[in-house]
Amino acid sequence: MTEATVPTGFELRTPEDWVDFSVDDEASENRVANEVWMRAVEAGFTEQQAGQYAEQLRRSVRLARNAGAVHAAGTFQVYEDGPLTATVLVSVVNPPATGDILGALTAVVQPVRADGTWRRVSTAQIPAIGTVGRVHGIQNVTQDGATMRCAVMHTVVPLPGTANVLVVTGSSPNIAEAKELFELFATITATLAFSYEGEAAALTPPAASVGEVGS
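Residues numbered from 1 in each chain as written. Predicted model: local features only at pLDDT ≥ 70, side-chain atom pairs only at ≥ 80, totals over all residues. Heavy atoms only, no water.

Engineer: Would you mind showing me how to read the overall build of the chain here?
Structural biologist: Across its full length, the chain holds four helices and 10 strands. Listed by position from the N terminus, the elements making up the chain come as β-β-α-α-β-β-α-β-β-β-β-α-β-β. Counting only contacts in the chain whose residues sit at least 6 apart along the sequence, the fraction spanning at least 24 positions is 60%. For the chain, the computed accessible surface area is about 11200 Å², with 51% contributed by carbon and sulfur atoms. (Helix = DSSP H or I, 4+ residues; strand = E, 2+ residues; numbered from the N terminus. Contact = heavy atoms within 4.5 Å. Areas by Shrake-Rupley, 256 points an atom, 1.4 Å probe, with all protein chains shown as cover.)

Engineer: Explanation requested: helix 2 (residues 47–66) in the structure shown.
Structural biologist: The periodicity of an α-helix, 3.6 residues per turn, causes residues three or four positions apart to be oriented the same way. The terminal C-alpha atoms of helix 2 lie 28 Å apart, and with 20 residues this matches the ideal 28 Å at 1.5 Å per residue to within 8%. For helix 2, every residue scored as buried is listed here: Ala50, Tyr53, Ala54, Gln56, Leu57, Arg58, Arg59, Ser60, Val61 and Ala64. (Expected span 1.5 Å × (residues − 1). Buried < 20%, exposed > 50% of the residue type's maximum accessible area, 1.4 Å probe, protein only.)

Engineer: What should I look at first to understand a nonpolar patch on the surface in this one?
Structural biologist: A contiguous nonpolar patch, built from Trp37, Met38 and Val41 and spanning about 240 Å² of accessible area, is present on the exposed surface. Counting through the fold element by element, Met38 comes out in helix 1 (residues 26–42). For Met38, a relative accessible area of 44% translates into the label partly exposed. (Patch = residues over 30% accessible without salt bridge, like charges linked within 9 Å, V, L, I, M, F, W, Y side chains within 5 Å. Salt bridge = Lys/Arg side-chain N within 4 Å of Asp/Glu carboxyl O.)

Engineer: For this particular structure, what's the right way to read the side chain of Arg134?
Structural biologist: Counting through the fold element by element, Arg134 comes out in strand 6 (residues 130–143). Buried charge without a partner: Arg134 forms no salt bridge, and the closest opposite charge is Glu183, 11 Å away. At 3.0 Å, the side chain of Arg134 and the side chain of Thr155 are in polar contact. Once residues within four sequence positions are removed from consideration, Arg134 is found in contact with Arg120, Val121, Ser122, Thr123, Ala124, Met153, His154, Thr155, Ala186 and Thr189. (Lys, Arg positive; Asp, Glu negative; His and termini not counted. Polar contact = N/O pair within 3.5 Å; in protein donor to acceptor, adjacent residues only side chain to side chain.)

Engineer: What should I look at first to understand the pairing of strand 4 (residues 82–93) in this one?
Structural biologist: Side-chain positions along a regular strand alternate between the two faces of the sheet. The element strand 4 is largely enclosed, with a buried count of 10 among its 12 residues. Direction of pairing for strand 3 (residues 69–79) relative to strand 4: antiparallel, over a ladder of 10 bridges. Each residue of the ladder has a partner; that of Ala69, found in strand 4, is Ser91. In textbook terms, the turn of a hairpin is the stretch between consecutive antiparallel strands, and for strand 3 and strand 4 this stretch comprises two residues. (Pairing = 2+ DSSP bridges.)

Engineer: Explain the side chain of His71 here, please?
Structural biologist: Relative to the assigned elements, His71 resides in strand 3. Those residues in contact with His71 that sit more than four places away from it in its chain are Phe10, Asp20, Val88, Leu89 and Val90.

Engineer: Just checking my understanding: could you explain the packing of aromatic side chains for this structure?
Structural biologist: Any two aromatic rings considered together are summarised by their centre-to-centre distance and by the angle between their planes. The tally for this structure, following the rule as stated, stands at one aromatic pair. With 6.1 Å between their ring centres and 75° between their planes, Trp118 and Phe182 make a pair best called edge-to-face. Remark: Phe182 occurs in helix 4 (residues 178–189) and Trp118 occurs in strand 5 (residues 118–126); sequence separation between them is 64 residues. When sorted by exposure, Trp118 lands in the same class as Phe182, which is buried. In this arrangement the basic side chain of Arg120 is found over the ring face of Trp118, its NZ or CZ atom lying 4.2 Å from the centre. (Phe/Tyr/Trp six-rings, centres within 6.5 Å; stacked < 30°, edge-to-face > 60°. Lys NZ or Arg CZ within 6 Å of the ring centre and 35° of its normal.)

Engineer: What should I look at first to understand the confidence of the model for the chain in this one?
Structural biologist: Reading predicted coordinates in detail is not appropriate for stretches of low pLDDT. Overall, the predicted model of the chain reaches an average pLDDT of 79, with 78% of residues at or above 70. The secondary structure element of the chain with the lowest average pLDDT is helix 3 (residues 101–106), at 56, and the one with the highest is helix 4, at 96. The low-confidence segment residues 205–215 (pLDDT under 50) makes 23 contacts with residues lying over four places distant or belonging to another chain. (pLDDT = per-residue confidence, 0-100.)

Here it is, written out as structure tokens:
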């Protein structure tokens, strides 16, 4: 394939009440944490409670940065029955040289375990892209040594013209709303489209040059 067939960027639409997170450096973690802390305090939570929610988002941004994510977005909203925290991360991943990653995903099944965690594997359709692999379920997520139970959805998208894949990960500790969250993550992921002009979010980790596809 020619170089022109390789996407230089992507577009992903999130709800209006979501915000895009910079994942460039440690300062981005502080900006996210401060914003969540202020929202929580304004909503009537104690400073200690606000600090707990802020730290959850801080860990998510740190995890994204350390994993080489190219994009992160999220929300912190307060409703009558409590707060809702959710994030969506986009990463470019170089899969193992042996085997087809989509085929491997569809071969993996995890039934409900005694601790309540589970995982289901399927395929999905993204209008602008086609068939993609998907894993969703309730998982124990560890970030910086802290473990929390989360609703998690990974969507694995082949990156045209390369051996890499784009992984869109939606995650939230609000497992009581897992069904609605999975629908939301699927809706957000369905807006994914590749760009070949270098004008959208770049398909490179933050340290790389904007508009270049990572190797």
